[in-house]
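Below, each chain spelled out in residue letters.
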Amino acid sequence: MNKIYLKFLFLSIFCTVFFGCATLNPQRSDALQVTIISPMLKINDTGFLHAYKNSLNLQIYSLGVNSANIKINSQICVNRACYDKLEFNRKFFLQEHYENFLSDILQKKHIYNSKGVIQTSCGFDQNISNNSIKYEVCDNYVKFIDTQNKVKIIIKELK
């Protein structure tokens, strides 16, 4: 029994030393100029979007200090305050939308199952809800504007 216990203890220490401080490397990282205007946040600064296998992390910096850290995985956390995705949408967008709504915008994907998509020479445009939501993706530029709820997200990749 003692040999099994010692082997388990040794294996536990080994794993802790070699894997305990390991961090995941993002699959993609982009430098961005980000403008976010919503009832929850008002930001106009530079930052990074790190895409991992099953999550996103948007880090915004102001004068070299991390002023906003938005982590998206099973929940959405803003500076350590975590919300269910639909609850976050109600607070941030003043509308529930659907769970991966913010992720789709940050990843330049169509929203609402491609409803109203018009392909353009550099990407696509979407107009939803009687034109109160305008969403545009063009190369390295994303613009989401909800005029009804006064929410704006503008993202430009920095090269």
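Use the structure listed above.
This is a predicted model, so every value here is computed, not measured.

Rules used throughout
- Residues numbered from 1 in each chain as written.
- Predicted model: local features only at pLDDT ≥ 70, side-chain atom pairs only at ≥ 80, totals over all residues.
- Heavy atoms only, no water.
- Helix = DSSP H or I, 4+ residues; strand = E, 2+ residues; numbered from the N terminus.
- Buried < 20%, exposed > 50% of the residue type's maximum accessible area, 1.4 Å probe, protein only.
- Contact = heavy atoms within 4.5 Å.
- Areas by Shrake-Rupley, 256 points an atom, 1.4 Å probe, with all protein chains shown as cover.
- Core = buried A, V, L, I, M, F, W, Y, C linked by side-chain atoms within 4.5 Å.
- Phe/Tyr/Trp six-rings, centres within 6.5 Å; stacked < 30°, edge-to-face > 60°.
- Disulfide = S-S within 2.5 Å.
- Salt bridge = Lys/Arg side-chain N within 4 Å of Asp/Glu carboxyl O.

Asker: Before we go on, may I ask you to explain the overall build of the protein chain in this structure?
Answerer: Scanning the protein chain from N- to C-terminus turns up 3 helices and 11 strands. Ordering the α and β elements of the protein chain from the N terminus gives α-β-β-β-β-β-β-α-α-β-β-β-β-β. Each of the 159 residues in the protein chain was classed as buried or not, and the buried ones make up 34%. At a minimum sequence separation of 6, the contacts of the protein chain that also span at least 24 residues come to 32%. When the accessible area of the protein chain is evaluated, it comes to approximately 10,100 Å², of which 55% is carbon and sulfur surface.

Asker: Hey, could you run me through the nonpolar core in this one?
Answerer: A general feature of soluble globular proteins is that nonpolar side chains tend to end up buried together. Counting 34 residues, the largest nonpolar core has L58, F93, L102, I105 and F144 as its most contacted members. In contact with L58, other than residues within four places in its own chain, are L32, V34, I36, F48, L49, A68, N69, I70 and L106.

Asker: Explanation requested: the packing of aromatic side chains in the structure shown.
Answerer: Each aromatic ring pair is characterised by the separation of its centres together with the angle its planes make. Considering all chains together, one arrives at 12 aromatic pairs under this definition. Summarising the aromatic geometry, the rings of Y98 and F101 are spaced 5.4 Å apart at their centres and angled 85° between planes, so their arrangement reads as edge-to-face. Summarising the aromatic geometry, the rings of F124 and Y135 are spaced 5.6 Å apart at their centres and angled 70° between planes, so their arrangement reads as edge-to-face. With F124 in strand β8 (residues 123–128) and Y135 in strand β9 (residues 133–138), this pair connects stretches of sequence that are 11 residues apart. Overall, Y135 belongs to the buried group, its relative accessible area being 1%.

Asker: Whenever I open this one, the state of the cysteines confuses me. Can you help?
Answerer: Where two cysteines share a covalent bond between their sulfur atoms, that bond is called a disulfide. Tallied over the full model, the rule gives 2 disulfides. The side chain of C77 participates in a disulfide bridge whose partner is C82; the two sulfur atoms lie 2.0 Å from each other. Negative torsions about the S-S bond denote left-handed disulfides, and the value of about 105° found for C77 with C82 makes this one right-handed. Each disulfide pairs two cysteine sulfurs, and for C122 the partner residue is C138, the sulfurs being separated by 1.7 Å. Between C122 and C138, the S-S torsion sits near -115°, and that sign places the bridge as left-handed.

Asker: Quick question: what am I supposed to make of the side chain of T35 here?
Answerer: For T35, the location among the structural elements is in strand β1 (residues 28–37). Residue class for T35 comes out buried when judged on its relative accessible area of 17%. Sequence-distant contacts of T35, defined by excluding residues within four places in its chain, comprise I43, N44, K152, I153 and I154.

Asker: Explain the environment of I153 here, please?
Answerer: Position of I153 among the secondary structure elements: in strand β11 (residues 151–157). Sequence spacing of I153 and K42 is 111 residues, and the spatial spacing of their C-alpha atoms is 9.9 Å. Dropping the residues within four chain positions of it, I153 is found in contact with T35, F92, F93, L102, I105, V142, K143 and F144.

Asker: What is the right way to read the pattern of salt bridges from this model?
Answerer: Pairing between side chains of opposite charge can happen when their charged atoms approach one another. Scanning the entire structure with this criterion turns up 4 salt bridges. Between E157 and K108 there is a salt bridge, with the nearest N and O atoms lying 2.5 Å from each other. Note that E157 is positioned in strand β11 and K108 in the loop between α3 (101–106) and β7 (117–119), a separation of 49 residues in sequence. Of the charged contacts in the structure, one is a salt bridge between K159 and E157, with a shortest N-O distance of 3.9 Å. Overall, the relative accessible area of 81% leaves K159 in the exposed class. What makes E157 buried here is its relative accessible area of 15%.

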